[in-house]
Amino acid sequence: METAAPAAVIVAIDGPSGTGKSSTSKAVAAKLGLRYLDTGAQYRAITWWMITNGIDTDDPQAIALAAGKPAIVSGTDPGAPTITVDGLDASGPIRTQEVTSKVSAVSAVPEVRALITDLQRSIAAEAAQDAEGIVVEGRDIGTTVLPDADLKVFLTASAEARAARRNGELRGKEATDLAATKEALVKRDAADSGRKTSPLAKAADAVEVDTTELTLEQVIECVVTLVEEKRTVRR
Ligand SMILES: Nc1ncnc2c1ncn2[C@@H]1O[C@H](COP(=O)(O)OP(=O)(O)OP(=O)(O)O)[C@@H](O)[C@H]1O
Ligand SMILES: Nc1ccn([C@H]2C[C@H](O)[C@@H](COP(=O)(O)O)O2)c(=O)n1
């Protein structure tokens, strides 16, 4: 008798900046043969489009009117995730300090969130249909985008640890002193969790993992175990 393939598993990983969402999500997806979606990259991409097309990113109305214009496409291979805007590779430009400083304002506009959320849901639905499932990481996945996700994880870490990690990434590029990095992180977290439309928040049914004292490998193993437990229960 043929055994049915395990049902696709949908994993939501949320948390503030620098908690390890992207690193953990990519590794977990790769280990378990799942797709991967970086939703922050999508908001960074539309922000980059706004900047390069002269839209005033301090004007929510201007942002709302232009929100439907860029074509944003995400590649979901955890080994080589991609993001294009109107067919152009945007993986580099979306990581600049300028985009980072404006993405919270752009991502707070309801019309932007509605369009990007629809895109995220269609990508997750396709992965559920055509693949073993997907790990989707961001700020509002477990609360708003995929409220029925099979597993929701909310990563946290102290602001000090997150700032140190971010500075470790920036060294040599746009590295700033630790205090300035921490201030920028805390400011962005406040904007992301304080906005009216689908703010950064932990879903009531999310598993919280404080990564402050954990290595990245330990966080990855923790989430892999959580996903495998979920898959076993569902078989
Ligand atoms: N538990 C950890 N211990 C040490 N370093 C970590 C840990 N988790 C992540 N890092 C490192 O911290 C940096 C930021 O990680 P990552 O980009 O995955 O965080 P993030 O939550 O996705 O941040 P953002 O939301 O800003 O994209 C990376 O250099 C990563 O290797
Ligand atoms: N689901 C999401 C993901 C991201 N954002 C916004 C808020 C973040 O500051 C910004 C960049 O995300 P990052 O690349 O740091 O993960 O994008 C959001 O509003 N919702």
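This one's a predicted model, so the numbers in the text were calculated from it and none came from an experiment.

Parameters and conventions
- Residues numbered from 1 in each chain as written.
- Chains lettered and ligands numbered in written order.
- Predicted model: local features only at pLDDT ≥ 70, side-chain atom pairs only at ≥ 80, totals over all residues.
- Heavy atoms only, no water.
- Near = heavy atom within 4 Å.
- Polar contact = N/O pair within 3.5 Å; in protein donor to acceptor, adjacent residues only side chain to side chain.
- Areas by Shrake-Rupley, 256 points an atom, 1.4 Å probe, with all protein chains shown as cover.
- Helix = DSSP H or I, 4+ residues; strand = E, 2+ residues; numbered from the N terminus.
- Nonpolar A, V, L, I, M, F, W, Y, C, P; charged D, E, K, R; others polar.
- UniProt positions renumbered as here; feature names shortened; annotations may be inferred.
- Buried < 20%, exposed > 50% of the residue type's maximum accessible area, 1.4 Å probe, protein only.
- Contact = heavy atoms within 4.5 Å.
- Pairing = 2+ DSSP bridges.
- Axes fitted to C-alpha atoms, helices over the stretch in contact; angles between N-to-C directions.
- Parallel < 35°, antiparallel > 145°, perpendicular 65-115°, else oblique.

Next up on the list: the site of ligand 2. Close to ligand 2 lie 16 residues; Arg44, Arg113, Arg188, Asp192 and Arg195 are nearest. Asp192 places a polar side-chain atom, nitrogen or oxygen, 2.7 Å from an oxygen atom of ligand 2. In this structure, an oxygen atom belonging to ligand 2 sits 2.8 Å away from a side-chain N or O atom of Arg195. Notes on ligand 2: free accessible area 450 Å², of which the protein chains cover 96%. Elements represented by at least two residues in the shell around ligand 2 include exactly helix H2 (39–52), helix H4 (97–107) and helix H8 (178–194). For the shell around ligand 2, the element with the most residues is H2, which contributes four residues. Residue classes in the shell around ligand 2 are distributed as three nonpolar, five polar and eight charged.

This part takes up the site of ligand 1. As a structural note, the neighbourhood of ligand 1 is formed by 18 residues, with Ser17, Lys21, Ser22, Ser23 and Arg166 the closest of them. Note that an oxygen atom of ligand 1 is positioned 2.6 Å from one of the side-chain N or O atoms of Ser23. Within the side chain of Arg165, an N or O atom sits 3.4 Å from a nitrogen atom of ligand 1. Looking at the shell around ligand 1, its residues break down into four nonpolar, eight polar and six charged.

As annotated in UniProt, the feature "binding site: ATP" (unreviewed entry) corresponds to Gly15, Pro16, Ser17, Gly18, Thr19, Gly20, Lys21, Ser22 and Ser23 in the numbering used here. For Pro16, a relative accessible area of 11% puts it in the buried group. By secondary structure assignment, the location of Ser22 is in helix H1 (residues 21–32). Beyond its immediate sequence surroundings of up to four residues, Ser22 is in contact with Tyr36, Asp38 and Glu137.

This paragraph deals with the side chain of Arg195. Counting through the fold element by element, Arg195 comes out in the loop between H8 and strand S8 (207–210). Polar side-chain contacts of Arg195 include one of 2.9 Å to the backbone oxygen of Ser198. Sequence-distant contacts of Arg195, that is, excluding residues within four places in its chain, are made with Ser107, Ala108, Arg113, Arg139 and Leu200.

Let us now look at the sheet that holds strand S1 (residues 9–14). Across the sheet, five strands lie side by side as S2-S6-S1-S7-S8; this open sheet has parallel pairing. Edge strands, defined here as strands with exactly one partner in the open sheet, are strand S2 (35–38) and S8. The average angle at which neighbouring strand axes cross in this sheet is 20°, direction not considered. Pairing of strand S7 (residues 151–156) with S8 involves four bridges; the strand directions are parallel.

With their axes 8 Å apart at the nearest point, H2 and H4 run at an angle of 100° to one another. Classified by the interaxial angle, the pair formed by H2 and H4 is roughly perpendicular. Here H2 contributes Tyr43, Arg44, Ile46, Thr47, Trp48, Met50 and Ile51 to the contact with H4, which in turn contributes Glu98, Val99, Thr100, Lys102, Val103, Val106 and Ser107. Its residues assigned to classes, the contact of H2 with H4 shows eight nonpolar, three polar and three charged.

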